[in-house]
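# Descriptive analysis of the structure
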Amino acid sequence: MRKAVHKKKKKKQPHKIRIQFCLRFWIFLSTLAWLGMNFWFHHYHNTNNERRVQLQRQEQKNDKTSIPNHDRQDTIIAATPNKIAYAISISSCNTTTTTLFDGAAVLQHSIRTKAAAASSSKYTNFDFVALVHPDAVECCRYDLETLLGFRLLVRDVPVEVTEIRGDYLRNNIEHNGCCGEKELLKLYSYTLTDYDLVVHLDLDVIVLQPLDSIFDLLLSSSSSPSSSWNDNHEKKNDLNTNIIINPNNNTIGLQWPLPTTTTTTSIDAAFTLDYAMVPPIRKYKPVQGGLLILKPSLAVFEALVSIVREGDFQQHKGWGGIRVGPFYGAMTIQGLLSYYYYYYRLNQNNNDNKTDTETGTMMNIVELNRCQYNNMADAPRLQTLRRGLQCVTGETNCEDCRERPLDQITSFHFTNCQKPWWCLSMNRNNATKRICRGMHHEWNRLRYELEQEWNVTSLYRKGNFESDHFYGHCRSRGQRGYIPLPKKKNPK
């Protein structure tokens, strides 16, 4: 028989063993690292979500006027007589902290010195309120709450995008206007029912004179025009049929000539319209969201939220298919409030065929003169294809807001003029540049006053770029040349 031949096993080379060990060890470490990163991501994500919920619940616990339930009655909460809330909204941390802090600080200072605490004002009982999205709490709580003394209310969007039933609105609202669906944070102004009035302002606004005449109008019974108008009333559409004012006393500053006959009713909101946003022939104009003065109402809040949730916004016809839009910001505040006040509310009362006693007082509004309030230095005329150069208001003759004297402007909104912390010279000799340069100078002067109050003037006025104009706040032209306002720990 043949003997079995046993082959000797070849020994693995030492270098191959080392390679295999290194490969297996690398695979082990990679797997461990992947598991660790996956665990950390989910843990961090869930922790952030839980933290947002906790923040919101804590704010709601501390503030009984937080997000109202749909079953909640629109009850009147006892408030200190004539107490005013000056409110701002912070939707995200995308803007620089310089923009947020400096804008809020100078706006607050202008209200304290020029409006609320001015010697000529009788409305000295006020608070500063910040409506803050959960995403923005970390970047603004210290600045607004600790340094500037704002009452911070953390609020998520009143309607989640996924809850919107209309396909077009649901798919496009996040990219509409400046802030998408987060612009709807302004709606929470209606829920501040522990105040008699709420004045919501954008951060790029300054107040230059008291708002007392508007407050008087909203807080007391006044005279309201009927459908009879003066012969010289040149407005082309019938949007403003419920202005309330004594025709013999137009010191308040309304947009249109006054009617000859009046009736008694009440005012619930006051704002300006952004005529330059749409052609003059368009019936429904955008509400300008930079200045909103309103009486808080949970019923109005719920109605506005319900409209957004329904989502009846058509691509080329806007809200309700009646051409309230499209325009900039049409899906949020600027279009929503226009649709609600000028169409939805009026038609709802007419369709219900109910008396004022059954439905509550009909929503009455005042359109303020856009050259005096919320002045944006916009051109008075627009070039149209059919009618050539035409007043944006539809009038034959219209006021040029850029020529309004500075001492006759109650509040100014830095839209067309760009932000005052951008260090732009605006030294060309035309109507727009003249008023913009004057208002940029005024903003920097207000900041200088605030620095004097905080006793930090000499340390933060080292800019040599047009130092007389910018008060030493700019090193060079443009945003990078701006010297931020110091964040004093405990400003008085």
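To start, this report covers the structure provided alongside it. What you see is a predicted model; the values in this text were computed from it and never measured. (Residues numbered from 1 in each chain as written. Predicted model: local features only at pLDDT ≥ 70, side-chain atom pairs only at ≥ 80, totals over all residues. Heavy atoms only, no water.)

### A closer look at the nonpolar core
- Ranked by internal contacts, the top residues of the largest apolar core, which has 51 residues, are Leu187, Tyr190, Phe271, Trp319, Leu337 and Tyr341.
- Only strand 1 (84–90), strand 2 (126–132), strand 8 (269–273), strand 9 (287–294), helix 6 (298–310) and helix 7 (333–352) provide two or more residues apiece to this core.
- Among all residues touching Leu337, those that are not within four sequence positions of it are Leu187, Tyr190, Val287, Leu292, Leu304 and Tyr342.
- Counting 50 residues, the second-largest nonpolar core is a separate cluster that includes Leu203, Val207, Leu217 and Leu485. (Core = buried A, V, L, I, M, F, W, Y, C linked by side-chain atoms within 4.5 Å. Buried < 20%, exposed > 50% of the residue type's maximum accessible area, 1.4 Å probe, protein only. Helix = DSSP H or I, 4+ residues; strand = E, 2+ residues; numbered from the N terminus. Contact = heavy atoms within 4.5 Å.)

### As for a nonpolar patch on the surface
- A contiguous nonpolar surface patch, about 530 Å² in accessible area, is contributed by Phe21, Phe25, Phe28, Leu29 and Leu32.
- Among the structural elements, Leu32 can be located in helix 1 (residues 14–62). (Patch = residues over 30% accessible without salt bridge, like charges linked within 9 Å, V, L, I, M, F, W, Y side chains within 5 Å. Areas by Shrake-Rupley, 256 points an atom, 1.4 Å probe, with all protein chains shown as cover. Salt bridge = Lys/Arg side-chain N within 4 Å of Asp/Glu carboxyl O.)

### Description of the state of the cysteines
- All told, the structure shown has five disulfides when counted by the stated rule.
- Residue pairing for Cys371: its cysteine sulfur links by disulfide to Cys401, the two sulfurs lying 2.0 Å apart. What sets the handedness of the Cys371 and Cys401 disulfide is the S-S torsion sign, and at about -70° it is left-handed. Residue Cys371 is found in the loop between strand 12 (365–367) and strand 13 (381–384), and its partner Cys401 is found in the loop between strand 14 (388–391) and strand 15 (411–413); the two are separated by 30 residues along the sequence.
- With relative accessibility at 0%, the residue Cys401 sits in the buried group. (Disulfide = S-S within 2.5 Å.)

### A look at the sheet that holds strand 9
- A sheet is described by the order of its strands in space; here seven strands give the open sequence 3-2-1-4-9-8-12, paired in mixed fashion. This sheet does not close on itself; its edge strands, each paired only once, are strand 3 (151–154) and strand 12. Strand after strand, the sheet turns through a mean of 25° between neighbouring axes, direction not considered.
- Of the pairings in the sheet, the one linking strand 1 to strand 2 comprises seven bridges and is parallel in character. Pairing of Ile88 across the sheet is with Ala130, part of strand 2.
- Strand contacts of helix 3 (residues 137–147): strand 1, strand 2 and strand 3, with the helix running at about 160° to strand 3, the strand carrying the most contacts. (Pairing = 2+ DSSP bridges. Axes fitted to C-alpha atoms, helices over the stretch in contact; angles between N-to-C directions.)

### So, the pairing of strand 14
- Summarising the sheet, strand 13 and strand 14 pair through four bridges and their orientation is antiparallel. Bridge assignment links Thr384 to a residue of strand 14, and that residue is Gly388.
- Here strand 13 folds back onto strand 14 in antiparallel fashion, the turn holding three residues.

### What about unusual backbone geometry?
- The omega angle of the peptide bond from Gly325 to Pro326 is 0°, so this bond is cis rather than trans.
- Assignment of secondary structure puts Pro326 in the loop between strand 11 (318–319) and helix 7.

### Here we look at the packing of aromatic side chains
- This structure, assessed with the given rule, holds 22 aromatic pairs.
- Summarising the aromatic geometry, the rings of Tyr86 and Phe126 are spaced 6.0 Å apart at their centres and angled 80° between planes, so their arrangement reads as edge-to-face. Remark: Phe126 occurs in strand 2 and Tyr86 occurs in strand 1; sequence separation between them is 40 residues. The pair formed by Tyr86 and Phe126 is uniform in burial state, with each residue classed as buried.
- Its end group placed over the ring of Phe101, Lys487 keeps NZ or CZ at 5.6 Å from the ring centre. (Phe/Tyr/Trp six-rings, centres within 6.5 Å; stacked < 30°, edge-to-face > 60°. Lys NZ or Arg CZ within 6 Å of the ring centre and 35° of its normal.)

### A look at the side chain of Glu181
- Mapped onto the secondary structure, Glu181 falls in the loop between helix 4 (167–172) and strand 4 (197–201).
- Buried Glu181, no salt bridge; nearest opposite-charge side chain is Lys182, N-O distance 5.6 Å.
- Here Glu181 is in contact with Val157, Val161, Ile173, Glu174 and Thr332, once residues within four sequence places are set aside. (Lys, Arg positive; Asp, Glu negative; His and termini not counted.)

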